[in-house]
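Here are the chains, one letter per residue:
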Amino acid sequence: MRIIKYDMPDGFVDKAIACVEDICGQSNVFNKRIPHSPIVSFWNLNDNGKRLYDCPEFKDYLTFIKPHIQDYLKELGISEDDAVVTAMWGVHYKPNQFVQKHNHEYTDYIRSPFEKRGKHKVSTDNDILAILLYLNKPDNSGNLFIQSKKGIKHEFDLKAGDIIMFPSYSSIHWTEPNLSEEEKFVVGIEIVMKWVTSNVIVGKTIEEL
């Protein structure tokens, strides 16, 4: 995994949070099914929540993160041609909300996150990568935990502007509850490798970011 710092430009945080709040406020399947879960824009019924990379608010961030993604893929020995950016989504943590233990398995959603088309073919530890940007991190709002396949647990007290990149298929991850009285906002990018499925993976190439 890798942690880097994004020197967020003036005005970026307010605009990015407003964008995430707006999309997360739309019809959302995931939040209704799992108690205490934060609102995740990826799960909007109209599917626009997983395409934040099309929002002008994130243009500067994508320009910044693109070469870091390319370097990370090289470090992992992955050809950029094998990588597809399938989603960029926002997470809105209200007080007491948290993310339960999970990993990211490839699925191609039709009308909801519980109706699957694709089948994930397990190949390597790096089938899927996640990139998380913390737009803010109020005190006592819940740390991130990532557990390796060997069961080693790592805790991350990430701050505003911190970015963490890690294999999200092979690593179980979760957060502590947001015990602050403020709201926390995180933006995620998911990269799926073409070898995980025989289906055509819908998304952007790294070069298209």
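Refer to the structure above for everything that follows.
Rules used throughout
- Residues numbered from 1 in each chain as written.
- Predicted model: local features only at pLDDT ≥ 70, side-chain atom pairs only at ≥ 80, totals over all residues.
- Heavy atoms only, no water.
- Pairing = 2+ DSSP bridges.
- Helix = DSSP H or I, 4+ residues; strand = E, 2+ residues; numbered from the N terminus.
- Axes fitted to C-alpha atoms, helices over the stretch in contact; angles between N-to-C directions.
- Salt bridge = Lys/Arg side-chain N within 4 Å of Asp/Glu carboxyl O.
- Core = buried A, V, L, I, M, F, W, Y, C linked by side-chain atoms within 4.5 Å.
- Buried < 20%, exposed > 50% of the residue type's maximum accessible area, 1.4 Å probe, protein only.
- Expected span 1.5 Å × (residues − 1).
- Arc of directions from axis to C-beta.
- Contact = heavy atoms within 4.5 Å.
- Phe/Tyr/Trp six-rings, centres within 6.5 Å; stacked < 30°, edge-to-face > 60°.

Some thoughts on the sheet that holds strand β6 (residues 153–156)
The strands making up a sheet associate through hydrogen bonds between their backbones, and the pairing can be parallel or antiparallel.
Right, so step 1: The strand order across the open sheet formed by three strands is β6-β5-β8, and the pairing between neighbours is antiparallel. On the outer flanks of this sheet lie β6 and β8 (172–175), each paired with one strand and no other. Each neighbouring strand pair of the sheet contributes to a mean axis angle of 20°, computed without reference to strand direction.
Right, so step 2: Bridge count for strand β5 (residues 144–147) against β6 is four bridges, and the pairing is antiparallel.

A word on the environment of proline 9
Right, so step 1: Mapped onto the elements, proline 9 comes out in the loop between β1 (2–5) and α1 (12–24).
Right, so step 2: A C-alpha to C-alpha distance of 33 Å links proline 9 and isoleucine 201, two positions 192 residues apart in sequence.

Quick word on the pattern of salt bridges
Right, so step 1: In this structure the tally under the stated criterion is seven salt bridges.
Right, so step 2: Lysine 149 serves as the salt-bridge partner of aspartate 125, at 3.1 Å between the closest nitrogen and oxygen. Note that aspartate 125 is positioned in the loop between β3 (83–93) and β4 (128–134) and lysine 149 in the loop between β5 and β6, a separation of 24 residues in sequence.
Right, so step 3: Each member of the salt-bridge network shares a partner with another, and the members are Lys137, Asp157 and Lys159.

Here we look at the nonpolar core
Right, so step 1: Counting residues in each nonpolar core, the largest one holds 45 residues, and the members touching the most others are Phe58, Tyr61 and Ile191.
Right, so step 2: When contributions to this core are tallied by element, the ones reaching two or more residues are α1, α3 (59–76), β3, β4, β7 (162–167) and β9 (184–193).
Right, so step 3: The leading source of residues in this core is α1, at seven residues.
Right, so step 4: Counting 18 residues, the second-largest nonpolar core is a separate cluster that includes Phe42, Ala87, Val99 and Leu144.

Overview of α1
Right, so step 1: Helix length check: α1 (13 residues) gives 18 Å between terminal C-alpha atoms against 18 Å at 1.5 Å per residue, within 8%.
Right, so step 2: Where α1 is concerned, the buried positions are Phe12, Ala16, Ile17, Cys19, Val20, Ile23 and Cys24. The buried residues of α1 all sit within an arc of 160° when viewed along its axis, so they share a single face. Every exposed residue of α1 that faces more than 90 degrees away from the buried side is listed here: Asp14, Lys15 and Asp22.
Right, so step 3: Those residues of α1 that are buried are in contact with β2 (39–40), α3, β3, β4 and β9.

With respect to the packing of aromatic side chains
Right, so step 1: All chains considered together, the criterion is met by six aromatic pairs.
Right, so step 2: Ring centres of tyrosine 6 and tyrosine 61 lie 5.3 Å apart, and the angle between their planes is 50°; this geometry places the pair in the tilted category. Remark: tyrosine 61 occurs in helix α3 and tyrosine 6 occurs in the loop between β1 and α1; sequence separation between them is 55 residues.
Right, so step 3: Overall, the relative accessible area of 3% leaves tyrosine 6 in the buried class.
Right, so step 4: Among the residues examined, tyrosine 61 registers a relative accessible area of 0% and is labelled buried.
Right, so step 5: Considering the side-chain rings of phenylalanine 145 and tryptophan 174, the 5.5 Å spacing of their centres and the 5° angle between planes classify their relative orientation as stacked. A residue pair is termed long-range when its members are at least 10 positions apart, and phenylalanine 145 in strand β5 and tryptophan 174 in strand β8 qualify at 29 residues.

Examining the sheet that holds β3
Right, so step 1: As summarised here, the arrangement of the six strands in space is β1-β7-β4-β9-β3-β2, forming an open sheet in which the pairing is antiparallel. Among the strands making up the open sheet, the edge pair consists of β1 and β2.
Right, so step 2: Where β2 and β3 come together, two bridges link them in antiparallel fashion. Directly across from isoleucine 39, in β3, lies its bridge partner histidine 92.
Right, so step 3: The strands touched by α1 are β2, β3, β4 and β9; relative to β3, the strand with the most contacts, the crossing angle is about 90°.

What to know about the environment of isoleucine 39
Right, so step 1: Among the structural elements, isoleucine 39 can be located in strand β2.
Right, so step 2: Each C-alpha atom of the pair isoleucine 39 and proline 177 lies 14 Å from the other, and the pair is 138 residues apart in sequence.

Structural notes on unusual backbone geometry
Right, so step 1: With phi around 75°, asparagine 96 is a residue other than glycine that occupies positive phi space.
Right, so step 2: On the basis of relative accessible area, asparagine 96 is assigned to the partly exposed category, the value being 49%.
Right, so step 3: Phi at asparagine 140 is positive, roughly 65°, even though this residue is not glycine.
Right, so step 4: With respect to the element layout, asparagine 140 can be found in the loop between β4 and β5.
Right, so step 5: When its relative accessible area of 54% is taken as the criterion, asparagine 140 is described as exposed.

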